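# Remarks on the overall topology
What follows is the residue order along each chain.
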Amino acid sequence: AGIRLPGDIDYSGTSFESVPNGFGALTTISGAGIAQIVAFVGFLELAVMKDITGGEFVGDFRNDFIDYGWDSFDAETQLSKRAIELNQGRAAMMGILGL
């Protein structure tokens with residue numbers, strides 16, 4: 001089930017379609033491949049996804065780059081939108097716990 005990329009995942013000829021879902025993939029992908037994924041995630045955490053400018057509030061990762069009109073809202077609307085986003089995150093966490 002799901003969409004798989006065409007082609008091979010490594011030079012030995014293992015295709016994306018032959019890799020199982022979930023934890024079964026850990027036994028199929030080589031240790032070097034797992035290390036490459038972990039290194040990439042570590043790079044994202046340490047270099048890309050960090051709060052550079054301090055932001056207006058906790059969790060503000062815009063870093064003076066992406067705005068999408070946030071600064072055009074008044075303080076009450078911003079507070080409301082942050083509360084809505086926080087509640088949606090909580091609902092998502094409860095939903096995943098139900099799985």
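Parameters at a glance
- Throughout, residues of each chain are indexed from 1 in the direction in which the sequence is written.
- Only residues with pLDDT of at least 70 get local features here, since the model is predicted, and only at 80 or more are side-chain atom pairs given and counted; chain-wide, interface and lining totals rely on the full set of residues.
- Only hydrogens and water are set aside; all other atoms, that is, all heavy atoms of the structure, feed into the side-chain values.
- Only DSSP runs of H or I covering at least 4 residues are called helices, and only runs of E covering at least 2 are called strands; the numbering of each starts at the N terminus.
- Categorising residues by exposure relies on relative accessible area from a 1.4 Å probe, with only protein chains included: less than 20% of the type maximum marks a residue as buried, more than 50% marks it as exposed, and the intermediate range marks it as partly exposed.
- Residue contacts are counted whenever heavy atoms from the two residues lie within 4.5 Å of one another.
- Note that accessible areas follow from Shrake-Rupley with a 1.4 Å probe, and for residues the cover is restricted to the protein chains shown.
- Each residue carries a pLDDT score, the predictor's own confidence in it, on a scale running from 0 to 100.

Turning our attention to the overall build of the chain. Counting its secondary structure elements, the chain contains three helices and zero strands. Reading the secondary structure of the chain in the N-to-C direction produces α-α-α. Here the chain holds 99 residues, and the buried ones make up 7% of them. Considering only residue pairs separated by 6 or more positions, the chain has 2% of its internal contacts joining residues 24 or more positions apart. Total accessible area computed for the chain in this model is approximately 8300 Å², and 65% of it derives from carbon and sulfur atoms.

This part takes up the confidence of the model for the chain. For the chain, mean pLDDT is 85; residues scoring 70 or higher make up 89% of the total. Taken element by element, the predicted model of the chain shows its lowest mean pLDDT in helix H1 (residues 24–28) (89) and its highest in helix H3 (residues 75–97) (93).

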